Amino acid sequence: MEETAPLTPAVLTAPGALEMHFQPIVMVATGRVICHEALARFPGLPGVPIPEVFRAAHEQGFGPQLEALAARRALETPNRPRGTVLSVNLSVSTLSHPEVWSLLPDDLSDVVVEITEDELWGLGEELEQALARLHDAGARVALDDAGAGYSGLQQLMRVRPDIVKLDRSLVSGVASDPARAALVASFSSFASQTGGAVCAEGIECPRDLRAIAELDVAYAQGYLLGRPAATFADPSPEAAVSVAASLRGGVRALDQARRDRTTSLGGSVPERLATLIAAAAGADRVDLWRLDRRAGELVAVRVPDRDPGSRVLLGDVPARAHALAHCEAGQVLRSDVEADRVERRALADSGYSGVLLVPIEDGGVVLGLVAAYRRRARPWSREAVARVRARALPLTSVLSSTGGLTIAEPA
């Protein structure tokens, strides 16, 4: 790279050569900034990507010193908001240099150290020692750009980070892509079961922010919430207010289903629920139906090839009628010759390999049905049914409220 070939320690560490900017990271539940990521800037090298500057520095033998200098300057920046922590980027190779630690404070309890997934290949004892030393100093460890490479899950198992930072390539468009949502949900599940949390990077639109909030992502970062700047961000970005849990009686509400009882099922809510349920079920498509018990019909709430409100007689779909009558989840696979012929014919016509039927009930009263479809010939598990029911709770509460869609009285 010609632009960085002449770089020397003197050039990059001269007064004004290195500046630190800070991008806010928001806790989704509260909508408040809880961390700032420190990002290096080199005003004298316009147009040169920052990673390329650090790569050239490492090639010339002073990369660890440059990384440590950037971290130290970030930590020395005054006026960091009270109660927030600072996130700095340090490679594992840098952390293996003893002289680098002399530039860092002994107490790193208010520091998150981000390491990237792509640098972990081939590191064994060196990685273990670096992680142990960081934890001994009180630092939390974040695995940056998770999901960007082929090795993502393997590196998660090795590092067991306190924070998993999802790459923007995985997060962007998550609101409308069930496959992305499923991957995000899997990272969230891993983190929660190993005592960690997930941060979604690259949040640039409100829909994606709302989607990751529903997928148990704890933290968010991106241009929607704040761009990198030379000063620390305001404590409560306006864009984050819409997803923050409501504060009532000094308590942040977690009972989303109960809170949604006063809402209607219009607008984008069915689409959001379908996306979340698809992620939970590992499905390519999700249909949402309301049961009209008096008429003996299913009414389309969100079905891609039908108009909302269109109806299907239960007598024409016996497998669904059985699932609803017994409040019993089940599946029909196209390859199962003993399964319901009506459903198998519909699967063949639509190009799907299987459908999962999950009744929606509230207090013992069946209100409707979720139908989740897969193209791949792979059966569902009981765990998938439990996940679908959990994600369908907001739909249940809306259907059973007087402000939602009208349902038939129980027999």
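Look above for the structure.
Structure report, in brief. Worth saying up front: this structure is predicted, and the values here are computed from it rather than measured. (Residues numbered from 1 in each chain as written. Predicted model: local features only at pLDDT ≥ 70, side-chain atom pairs only at ≥ 80, totals over all residues. Heavy atoms only, no water.)

So, about the environment of Leu-393. Mapped onto the fold, Leu-393 is located in helix H16 (residues 393-399). With a relative accessible area of 45%, Leu-393 lands in the partly exposed category. In sequence terms Leu-393 and Glu-361 are 32 residues apart; their C-alpha atoms lie 9.1 Å from each other. (Helix = DSSP H or I, 4+ residues; strand = E, 2+ residues; numbered from the N terminus. Buried < 20%, exposed > 50% of the residue type's maximum accessible area, 1.4 Å probe, protein only.)

Attention now goes to the packing of aromatic side chains. Across all of its chains, the model carries three aromatic pairs by this definition. Summarising the aromatic geometry, the rings of Phe-42 and Phe-54 are spaced 5.8 Å apart at their centres and angled 65 degrees between planes, so their arrangement reads as edge-to-face. Here Phe-54 lies in helix H2 (residues 50-59) and Phe-42 lies in the loop between strand S2 (32-41) and H2, a separation of 12 residues in the sequence. Accessibility classification places Phe-42 together with Phe-54 in one group, the buried group. (Phe/Tyr/Trp six-rings, centres within 6.5 Å; stacked < 30°, edge-to-face > 60°.)

Opposite charge on two side chains lets them pair, provided their charged atoms get close. A complete count under the given rule lists 19 salt bridges for this structure. Notably, a salt bridge pairs Arg-180 with Asp-177, separated by 3.2 Å at the nearest N-O pair. Of the charged contacts in the structure, one is a salt bridge between Glu-214 and Arg-272, with a shortest N-O distance of 2.8 Å. You can see Glu-214 sitting in helix H10 (residues 206-214) and its partner Arg-272 sitting in helix H12 (residues 269-281), a full 58 residues away along the chain. Residue Arg-272 is classed as partly exposed on the basis of its relative accessible area, which comes to 31%. Salt bridges sharing common partners tie together Glu-37, Glu-114, Lys-165 and Glu-201. (Salt bridge = Lys/Arg side-chain N within 4 Å of Asp/Glu carboxyl O.)

Turning our attention to H12. If you check H12, its first and last C-alpha atoms are 18 Å apart, about what 13 residues at 1.5 Å a residue would give, namely 18 Å. Most of H12 is tucked away: 10 of the 13 residues are buried. For H12, the set of buried residues is Pro-270, Leu-273, Ala-274, Thr-275, Leu-276, Ile-277, Ala-278, Ala-279, Ala-280 and Ala-281. Gly-282 occupies a position one or two residues after H12 and carries a positive phi of about 65 degrees. (Expected span 1.5 Å × (residues − 1).)

What follows covers the sheet that holds strand S13 (residues 311-313). Spatially, the six strands line up as an open sheet ordered S13-S12-S11-S16-S15-S14, and their pairing is antiparallel. Each edge of the open sheet is held by one strand with a lone partner, namely S13 and strand S14 (330-333). Each strand of the sheet is rotated relative to its neighbour by a mean of 25 degrees, with strand direction disregarded. As defined by bridge partners, strand S11 (residues 285-292) adjoins strand S12 (residues 297-302) across five bridges and the pair is classed as antiparallel. Following the sheet pairing, Leu-288 is matched in S12 by Arg-302. Sitting on the sheet, H12 is in contact with S11, S12 and strand S16 (365-374), with an inclination near 120 degrees to S11. Across the sheet, helix H13 (residues 318-326) touches S11, S12, strand S15 (354-362) and S16, and the angle it forms with S16 is around 135 degrees. (Pairing = 2+ DSSP bridges. Axes fitted to C-alpha atoms, helices over the stretch in contact; angles between N-to-C directions. Contact = heavy atoms within 4.5 Å.)

Attention now moves to the side chain of Glu-37. Assignment of secondary structure puts Glu-37 in strand S2. Here Glu-37 falls in the buried class, since its relative accessible area comes to 5%. Polar contacts involving the side chain of Glu-37 include one to the side chain of Asn-89, which spans 3.1 Å. Separated by 3.2 Å, the side chains of Glu-37 and Lys-165 make a polar contact. (Polar contact = N/O pair within 3.5 Å; in protein donor to acceptor, adjacent residues only side chain to side chain.)

For any two helices packed against each other, one specifies the inter-axial angle together with the distance between the axes. Look at helix H9 (residues 178-193) against H12: their axes get within 8 Å of each other, and the N-to-C directions meet at 60 degrees. Viewed along their axes, H9 and H12 adopt a mutual orientation that is oblique. Handedness of the crossing formed by H9 with H12: right-handed. Here H9 contributes Pro-178, Ala-181 and Ala-182 to the contact with H12, which in turn contributes Thr-275, Ala-278 and Ala-279. (Parallel < 35°, antiparallel > 145°, perpendicular 65-115°, else oblique. Left-handed = near helix turned anticlockwise from the far one by under 90°.)

We now examine unusual backbone geometry. Unlike most non-glycine residues, Arg-160 shows phi in positive territory, near 50 degrees. Residue class for Arg-160 comes out partly exposed when judged on its relative accessible area of 44%. A positive phi angle, near 65 degrees, is found at Asp-216, a position not held by glycine. Structurally, Asp-216 can be placed in the loop between H10 and strand S8 (219-220).

With respect to topology, eight strands assemble into a closed barrel ordered S1-S2-S3-S4-S5-S6-S7-S8, the strand pairing being mixed. Looking at chain direction, strand S1 (residues 19-27) and S2 are connected through nine bridges and run antiparallel. Looking at the pairing, Phe-22 lines up with Ala-38 of S2. This element, H9, spans strand S5 (140-146), strand S6 (163-166) and strand S7 (197-200) of the sheet and lies at about 145 degrees to S7.

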